[in-house]
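Report on the structure
For reference, the chains in residue letters:
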Amino acid sequence: MATTAVTDASFKADVLDSETPVLVDFWAEWCGPCKMIGPSLEEISDELGDKIKITKMDIMENTDTPSQLGVRGIPYLALYKGGEKIAEMTGAAPKNQLKSWIEEQL
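From a predicted model like this one, the values you see are computed outputs, not experimental measurements.

So, on to the side chain of K56. By the secondary structure assignment, K56 is in strand β3 (residues 53-58). A relative accessible area of 18% places K56 in the buried class. Here D25 takes part through its side chain, which lies 2.8 Å from a polar atom of the side chain of K56.

What follows is about the pairing of strand β2 (residues 22-27). Of all six residues in β2, six are buried, a share of seventy percent or more. Here β2 shows two buried faces, one formed by V22, V24 and F26 and the other by L23, D25 and W27. Of the strand pairs in this sheet, β2 and β3 are connected by six bridges, and their pairing is parallel. Its bridge partner lying in β3, F26 is registered against M57. On the question of chirality, the crossover connecting β2 to the parallel β3 by way of helix α2 (residues 32-48) is right-handed. Note: β2 against strand β4 (residues 76-81), five bridges, orientation antiparallel. Opposite L23, over in β4, you have L79 as the bridge partner.

This next bit is on the packing of aromatic side chains. A full pass over the atoms with the stated rule returns two aromatic pairs. On the basis of an interplanar angle of 85° and a centroid distance of 5.7 Å, the ring pair of F11 and Y80 is categorised as edge-to-face. One end of the pair, F11, is in helix α1 (residues 11-16); the other, Y80, is in strand β4, with 69 residues separating them in the sequence. An identical accessibility class is assigned to F11 and Y80; each is buried. Judged by centre distance (5.6 Å) and plane angle (40°), the rings of F26 and Y76 are tilted. Separated by 50 residues along the polypeptide, F26 in strand β2 and Y76 in strand β4 bring together distant segments of the chain. In this pair, the class of F26 matches that of Y76, namely buried.

Further remarks concern unusual backbone geometry. The omega torsion across I74 and P75 is 0°, close enough to zero to call that bond cis. Mapped onto the secondary structure, P75 falls in the loop between α3 (64-69) and β4.

Here we come to the environment of Q105. Summarising the element assignment, Q105 is placed in helix α4 (residues 95-105). For Q105, a relative accessible area of 23% gives the class partly exposed. Taking the C-alpha atoms as reference points, Q105 and K81, separated by 24 residues in sequence, lie 9.4 Å from one another. Sequence-distant contacts of Q105, that is, excluding residues within four places in its chain, are made with L79, I86 and A87.

Calculation notes
Residues numbered from 1 in each chain as written. Predicted model: local features only at pLDDT ≥ 70, side-chain atom pairs only at ≥ 80, totals over all residues. Heavy atoms only, no water. Helix = DSSP H or I, 4+ residues; strand = E, 2+ residues; numbered from the N terminus. Buried < 20%, exposed > 50% of the residue type's maximum accessible area, 1.4 Å probe, protein only. Polar contact = N/O pair within 3.5 Å; in protein donor to acceptor, adjacent residues only side chain to side chain. Pairing = 2+ DSSP bridges. Right-handed = clockwise from strand over helix to strand, strands pointing away. Phe/Tyr/Trp six-rings, centres within 6.5 Å; stacked < 30°, edge-to-face > 60°. Contact = heavy atoms within 4.5 Å.

Okay, here's the thing in C-alpha cells:
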C-alpha cells in the first residue's frame, strides 16, 4: 500500500476520521532530509499493509494544517489514531528506526 497525498481540504476525512491509524509526513520538495526518508516510508507502507495508512502533506502547497498544528521543522511525522495525535517525530532517521518507532505506537 503506497503512501498517499493529503491536503488541507482532505485532512479531516483522510486522517482525523480514519478508522485506521494514520502517519502524516509533513514535507517539502526543497527539503533534503524529507527526500531521504520518502523511499523508506514507501517501503514501510508496503510492509505494514493495512495496519497503518501512511500519508504525505506538502507544506508549501498546504499551509493551513501545518500552521494550525504548529509544525516548526520538517520532516515532521505525526501519528494519529482515533482522530487524536498519539506520537510525533521531527527529523530524518534510518528506515529501521522509523519502522520501529511506528510499530511501537501501534
